[in-house]
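What follows is the residue order along each chain.
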Amino acid sequence: MQALTPDDDPGAAREGLLQPESASERRTLAVALARQARASLCILSPDLEPAVYDAREFVAAVTALITGSRRAEVRVIVRDPAAVARRGHRLVTLAHRLDSRVHLRRPDEERCEAAGAFLIADATGYLQRMTTERRAATANLHDPARVHELQRTFDALWEYSVPTGELQRLYL
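Note that the structure is a prediction, hence the values are computed from the model and not measured.

A. Representation of the pairing of strand 7 (residues 125-129). Judged by how many residues are buried, strand 7 sits mostly within the fold: 5 of 5 residues are covered. On strand 7, burial covers both faces: Gly125, Leu127 and Arg129 on one face and Tyr126 and Gln128 on the other are all buried. When strand 6 (residues 117-121) meets strand 7, the two strands line up antiparallel, connected through 5 bridges. Within strand 7, the residue paired with Ala121 across the bridge is Gly125. For strand 7 and strand 8 (residues 138-140), the ladder comprises 3 bridges, and the chain directions are antiparallel. Note that in strand 8 the partner of Tyr126 across the bridge is Asn140.

B. Up close: the nonpolar core. Leu41, Leu48, Phe58 and Leu119 are the most contacted members of the largest nonpolar core, which has 34 residues in total. If you list the elements that add at least two residues to this core, you get helix 1 (23-36), strand 3 (40-45), helix 2 (50-53), helix 3 (56-68), strand 4 (73-78), helix 5 (90-97), strand 5 (102-106) and strand 6. Examining the composition of this core, we find that 6 residues originate from one element, helix 3, more than from any other. Ile77, Ala115, Val147 and Leu157 belong to the second-largest nonpolar core, a separate cluster that totals 13 residues.

C. Region of interest: the packing of aromatic side chains. The tally for this structure, following the rule as stated, stands at 3 aromatic pairs. Ring geometry for Tyr53 against Phe58: centres 5.2 Å apart, planes inclined by 65°, an arrangement best described as edge-to-face. Put simply, the rings of Phe118, Phe154 and Trp158 pair up and form one aromatic cluster. The ring of Trp158 carries the charged tip of Arg75 above its face, separated from the ring centre by 5.0 Å.

D. Fine view of unusual backbone geometry. Its identity is not glycine, yet Leu48 carries a phi of approximately 50°, on the positive side. Inspection of the secondary structure assignment puts Leu48 in the loop between strand 3 and helix 2.

Rules used in this analysis
- Residues numbered from 1 in each chain as written.
- Predicted model: local features only at pLDDT ≥ 70, side-chain atom pairs only at ≥ 80, totals over all residues.
- Heavy atoms only, no water.
- Buried < 20%, exposed > 50% of the residue type's maximum accessible area, 1.4 Å probe, protein only.
- Helix = DSSP H or I, 4+ residues; strand = E, 2+ residues; numbered from the N terminus.
- Pairing = 2+ DSSP bridges.
- Core = buried A, V, L, I, M, F, W, Y, C linked by side-chain atoms within 4.5 Å.
- Phe/Tyr/Trp six-rings, centres within 6.5 Å; stacked < 30°, edge-to-face > 60°.
- Lys NZ or Arg CZ within 6 Å of the ring centre and 35° of its normal.

As structure tokens, this is what we get:
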């Protein structure tokens, strides 16, 4: 993982801007963000990227967040919930156990195209892929201004998203 400099990216002058180059580095950053969160995590992903969000250490950090605070919540927008349901996913299993704290939704596709994929921790840190096809990403553990922009995007998508029938727990 490399830190970006202003020579690499004019917007990289913000301290702490990182560029994870592999799924392993993205997972490490996702775990760090989940561990630093105190109130919320928001995830927008086409497929809940298994190499990142299906990792035991990430789910353990999410579990610690939502069991450590009565107000904490996790909101997840998944573009392809059917694929996630077929494959199985630890975060979905956690959502079934703690369904009042972990919410899974499917987006309105028209509104979701340009948003890419990202994870937001509280109002402080983020991990973002600009396009879902490329795995290149940027991250910052403390960039409230950028997080505010991403949070506005996420909230607008959340408003028009619907619960995922494919990922809901069936009570028989």
